[in-house]
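A structural walkthrough
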Amino acid sequence: MAGVFRDRLLEGKVGFITGGGSGIGLRIAERFAEHGARVMLVGRRADELQKAKDTIEARGGLALTYALDVRDYSALEAAIARTRSQLGAIDVVIAAAAGTFPAPVLGMSANGFKAVVDIDLLGTFNTVRAAYQHLRRPGASVLAISAAHAKVPIPFQAHVCAAKAGVELLMKTLALEWGPDGLRCNCITPGPTADTEGMHRLAPTKEIEESVKSAVPLRRFGTKDEIADLALFLCSDAAAYMTGGTFPCDGGYSLMQSGHIAGAAWNASNPGR
């Protein structure tokens, strides 16, 4: 899919990517590096980050790493300051760190609920707030990874629904407040995406996986490459007049009835209820 775009679309740009050591965040980082961006990869696991850095640099890209927890604002400030000092003003921020686990509200502790909200919502706030003074103005792009949970109630996912709804309104608010600085703020909403931790947890069996696919109008899971290509477009000059938007990359899943992913898991584990 990288061939859809002209070569080196982000030549000379600097990207700061949370959740950059695995999953969707890593694939976005790889795509950006392929197109000439120098990237800072941020995540909790230093070993994952190093592996990601090695992969990017083996393909001719340039990557730095910083291990931290996005709930730690001071650590994010330090990581962003290092990015600025070593790579220059930041052109792109990707807030892709996320947490999830399937549980009904009555099977979820207050700490469990708080952990997901803190990683997804507070972590996104911390990332973009700490980055603001180091963003290139005008022209920088801030992009958060949301989910259908922001608009659709999904059983077993109350914590993610609450967090992602907050993320989307946060980004829309930033689009208003930061627009006069020439900064663009958007969200991507992935649908069921193959080879991600979230889908491994929510669709752990072939039966559940096929049930989820049947609820997607395109009848398949998306790929991390497809999400990375949407992120590449939104952070390129081709999207220079696009801000405050939420852009689904979900095969039409968000058009369907609520809760099918976790609902399938619930039905499979609670027959007869």
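Now for a look at the structure at hand. Nothing here was measured: the structure is a model prediction, and the numbers come from that model.

**Brief notes about the overall build of the protein chain**
- Scanning the protein chain from terminus to terminus reveals nine helices and seven strands.
- A compact globule built from 273 residues would reach a C-alpha radius of gyration of about 19 Å, and the protein chain, at 18 Å, matches this within 12%.
- By principal-axis analysis of the C-alpha atoms, the protein chain measures approximately 60 × 40 × 40 Å.
- Evaluated residue by residue, the protein chain yields a buried proportion of 52% over its 273 residues.
- In the structure as shown, the protein chain presents an accessible area of about 12200 Å², 55% of it carried by carbon and sulfur atoms.
- Computing the positive centroid from 29 side-chain charges and the negative centroid from 27, the protein chain places the two 1 Å apart.

**Quick word on the nonpolar core**
- Counting residues in hydrophobic clusters, the biggest one holds 34 residues, and the most contacted among them are Phe16, Leu68, Leu135, Val142, Met171 and Trp178.
- The dominant element in this core, judged by the number of residues it contributes, is helix H5 (residues 158-178), at six residues.
- With residues up to four places along the chain from it excluded, the contact list for Leu68 reads Val42, Gly43, Arg44, Ala75, Leu76 and Ala79.
- Core analysis: the second largest hydrophobic core is formed by 31 residues, Ala37, Leu230, Cys235 and Ala239 among them.

**Comments concerning the packing of aromatic side chains**
- Tallied over the full model, the rule gives one aromatic pair.
- Ring centres of Tyr132 and Trp178 lie 4.7 Å apart, and the angle between their planes is 45°; on these two criteria the pair is classed as tilted. Here Tyr132 is found in the loop between helix H4 (110-131) and strand E5 (141-145), whereas its partner Trp178 is found in helix H5, with 46 residues between them in sequence.
- Since its relative accessible area comes to 23%, Tyr132 is described here as partly exposed.
- Lying over the aromatic face of Tyr132, Arg137 brings its terminal NZ or CZ to 4.4 Å of the ring centre.
- Here the basic side chain of Lys213 rests over the ring of Phe221, its NZ or CZ set 5.2 Å away from the ring centre.

**Notes on the packing of helix H1 (residues 23-34) against helix H8 (residues 224-234)**
- Between H1 and H8, the least distance of the axes is 8 Å, while the angle of their chain directions is 55°. It follows from the interaxial angle that H1 and H8 lie oblique. Where H1 crosses over H8, the two elements pack in a sense that is right-handed. Residue-level inspection shows Gly23, Ile24, Arg27, Ile28, Arg31 and Phe32 of H1 in contact with H8, the latter providing Lys224, Asp225, Ile227, Ala228, Asp229, Ala231 and Leu232.

**Here's the deal with the packing of H1 against helix H2 (residues 46-58)**
- Between H1 and H2, the shortest axis-to-axis distance is 10 Å and the interhelical angle comes to 25°. It follows that H1 is roughly parallel to H2 by the angle criterion. As H1 packs across H2, the resulting crossing turns out to be right-handed. Across the interface between the two elements, Leu26, Ala29, Glu30 and Ala33 from H1 touch Ala52, Thr55 and Ile56 from H2.
- The class makeup of the residues in the contact of H1 with H2 is five nonpolar, one polar and one charged.

**Concerning the sheet that holds strand E3 (residues 62-67)**
- Strand order in this open sheet of seven strands is E3-E2-E1-E4-E5-E6-E7, and the pairing throughout is parallel. Among the strands making up the open sheet, the edge pair consists of E3 and strand E7 (246-249). Shown here is a sheet whose adjacent strand axes are inclined to one another by a mean of 20°, direction ignored.
- As paired strands, strand E2 (residues 38-43) and E3 are joined by six bridges and run parallel to one another. If you follow Met40 over to E3, its bridge partner there is Leu64.
- Each of E2 and E3 touches H2; the most contacted strand, E3, lies at about 175° to it.

**Things to note about the pattern of salt bridges**
- The final tally for this structure, using the stated rule, is 21 salt bridges.
- Residue Asp120 pairs with Lys164 through a salt bridge whose shortest N-O separation is 3.5 Å. Residue Asp120 is found in helix H4, and its partner Lys164 is found in helix H5; the two are separated by 44 residues along the sequence. By the burial criterion, Asp120 is buried, and Lys164 matches it.
- In this structure, Lys213 and Glu209 form a salt bridge, with 3.2 Å as the shortest nitrogen-oxygen distance. Taken together, the positions of Lys213 and Glu209, both in helix H7 (residues 206-214) and four residues apart, correspond to about one turn of that helix.
- Three or more residues joined by partner-sharing salt bridges are found here, namely Arg27, Glu30, Arg31, Glu34, Arg59, Asp225 and Asp229.

What counts, and at which threshold
- Residues numbered from 1 in each chain as written.
- Predicted model: local features only at pLDDT ≥ 70, side-chain atom pairs only at ≥ 80, totals over all residues.
- Heavy atoms only, no water.
- Helix = DSSP H or I, 4+ residues; strand = E, 2+ residues; numbered from the N terminus.
- Rg over C-alpha atoms; globule rule 2.2 N^0.38 Å.
- Buried < 20%, exposed > 50% of the residue type's maximum accessible area, 1.4 Å probe, protein only.
- Areas by Shrake-Rupley, 256 points an atom, 1.4 Å probe, with all protein chains shown as cover.
- Lys, Arg positive; Asp, Glu negative; His and termini not counted.
- Charge placed at Lys NZ, Arg CZ, Asp CG, Glu CD.
- Core = buried A, V, L, I, M, F, W, Y, C linked by side-chain atoms within 4.5 Å.
- Contact = heavy atoms within 4.5 Å.
- Phe/Tyr/Trp six-rings, centres within 6.5 Å; stacked < 30°, edge-to-face > 60°.
- Lys NZ or Arg CZ within 6 Å of the ring centre and 35° of its normal.
- Axes fitted to C-alpha atoms, helices over the stretch in contact; angles between N-to-C directions.
- Parallel < 35°, antiparallel > 145°, perpendicular 65-115°, else oblique.
- Left-handed = near helix turned anticlockwise from the far one by under 90°.
- Nonpolar A, V, L, I, M, F, W, Y, C, P; charged D, E, K, R; others polar.
- Pairing = 2+ DSSP bridges.
- Salt bridge = Lys/Arg side-chain N within 4 Å of Asp/Glu carboxyl O.

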